[in-house]
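Observations on the model geometry
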Amino acid sequence: MGIFPSHRSQDRTVVDRPAEGGWRGILQAPQKEKESYANDPSTGSFEGYGTKMTRNLDEKVEWVDYYFHFMSPPSRVNLDIWPKNPPSYRGVTVEYNGELLKITNKLLELLSEGLGLEGKVLKSCLGGDGIELEMKINMYPPCPQPQLALGVEPHTDMSALTLLVPNDVPGLQVWKDDNWVAVEYFPNALFVHVGDQIEVLSNGKYKSVLHRSLVSKERMRMSWAVFVVPPHETVIGPLPELIDEKNPAKYSTKTYAEYRYRKFNKIPQ
Ligand SMILES: O=C(O)CCC(=O)C(=O)O
Ligand SMILES: [Fe+2]
């Protein structure tokens, strides 16, 4: 199927939108089918279908449906919750996961070296081979009054990294030099966000990017965000190698589970 056939070309690892079929299959499915996949945040279960058509603090509506599931490592994956339509979803997503793991390894190696450390340092702090990849498929339907809505309100990702592929409907913005700056769409590109965990590990040398997304009046915007996160019990704090008298720790050390809990409940870190 695919509504972006022209974008599928040379480099499949970056180009393919593996979830597209799954998105259409599940997010445009009849309400009853969607409900059978619904998540239940009150029980800590975020997997499945969720919606956020609610007002936030600025009285803007967050105009987004999403579908969330684990991709990696195998011990975290519950295939029963993966979209079953189209039938190719599973195979393509497993392959995409493998490619994103390779890209994650490379990025973490380069980011470690950028801190003057050995290439393996950041990956091993993030759980080594236990590192987790989470798929979040966002769908922003056309919005009759886009000025009253936001796709996703301003936030930084609590992940270590986010590997994002949007469709060609503009909407992603990043906060830069005291302004919202539109992120230009690049066909076949993977957008990488530094998330909170890398900011903490690097003691602020790398900054978690503040971003938001807008919605369109005419067209449906979609994005596929893969969050690279440490296992919940992993303890994350500024790397000791980066701390000395002149560079005191700027962040407290805590488990990723604790960090998540505080972020979800808006408790200062
Ligand atoms: O849709 C986008 O481009 C961004 C989505 C996002 O920031 C998120 O899901 O965390
Ligand atoms: Fe985000």
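Look up a bit, the structure's there.
Throughout what follows, the structure given in this document is the object of discussion. Only a predicted model underlies this, so the values are computations on that prediction, with no experimental measurement involved.

So, how was this worked out
Residues numbered from 1 in each chain as written. Chains lettered and ligands numbered in written order. Predicted model: local features only at pLDDT ≥ 70, side-chain atom pairs only at ≥ 80, totals over all residues. Heavy atoms only, no water. Pairing = 2+ DSSP bridges. Helix = DSSP H or I, 4+ residues; strand = E, 2+ residues; numbered from the N terminus. Axes fitted to C-alpha atoms, helices over the stretch in contact; angles between N-to-C directions. Buried < 20%, exposed > 50% of the residue type's maximum accessible area, 1.4 Å probe, protein only. Polar contact = N/O pair within 3.5 Å; in protein donor to acceptor, adjacent residues only side chain to side chain. Contact = heavy atoms within 4.5 Å. Donors = N, O, S within 2.8 Å, 3.2 Å for Na, K, Ca; no water. Lys, Arg positive; Asp, Glu negative; His and termini not counted. Salt bridge = Lys/Arg side-chain N within 4 Å of Asp/Glu carboxyl O.

1. Let's talk about the sheet that holds strand S4 (residues 132–140)
- Strands sit in the order S1-S3-S4-S12-S7-S10 across an open sheet of 6 strands; the sheet is antiparallel. What marks the edges here is a single partner per strand, and that holds for strand S1 (48–51) and strand S10 (191–194). Strand-to-strand twist in this sheet, taken as the mean axis angle between neighbours without regard to direction, amounts to 25°.
- Judged from the 6 bridges that link them, strand S7 (residues 161–166) and strand S12 (residues 221–229) form a sheet pairing that is antiparallel. Following the sheet pairing, Pro 166 is matched in S12 by Ser 223.

2. Points about the side chain of Ser 216
- With respect to the helices and strands, Ser 216 occurs in the loop between strand S11 (211–213) and S12.
- The exposure class assigned to Ser 216 is buried, which follows from its relative accessible area of 14%.
- Here the side chain of Ser 216 touches Arg 219 through a polar contact of 2.9 Å, landing on its backbone nitrogen.
- Contact partners of Ser 216, with chain neighbours within four places excluded, come to Pro 141, Pro 142, Cys 143 and Val 169.

3. Description of the coordination of the iron ion (ligand 2)
- Coordination of the iron ion (ligand 2) by the protein comes from His 155 (NE2), Asp 157 (OD) and His 211 (NE2), over a distance range of 2.1 to 2.2 Å.
- Between consecutive donors of the iron ion (ligand 2), the numbers of intervening residues give the motif H-x1-D-x53-H. On the criterion of sequence distance, the pair formed by His 155 in strand S6 (residues 152–155) and His 211 in strand S11 is long-range, its members being 56 residues apart.

4. Description of the side chain of Asp 157
- Mapping Asp 157 onto the fold places it in the loop between S6 and S7.
- Buried within the structure, Asp 157 lacks any salt-bridge partner; its nearest side chain of opposite charge belongs to Lys 263, at an N-O separation of 7.1 Å.
- Polar contacts involving the side chain of Asp 157 include one to the side chain of Thr 162, which spans 2.7 Å.
- In terms of polar contacts, Asp 157 uses its side chain to reach the side chain of His 193, at 3.1 Å.

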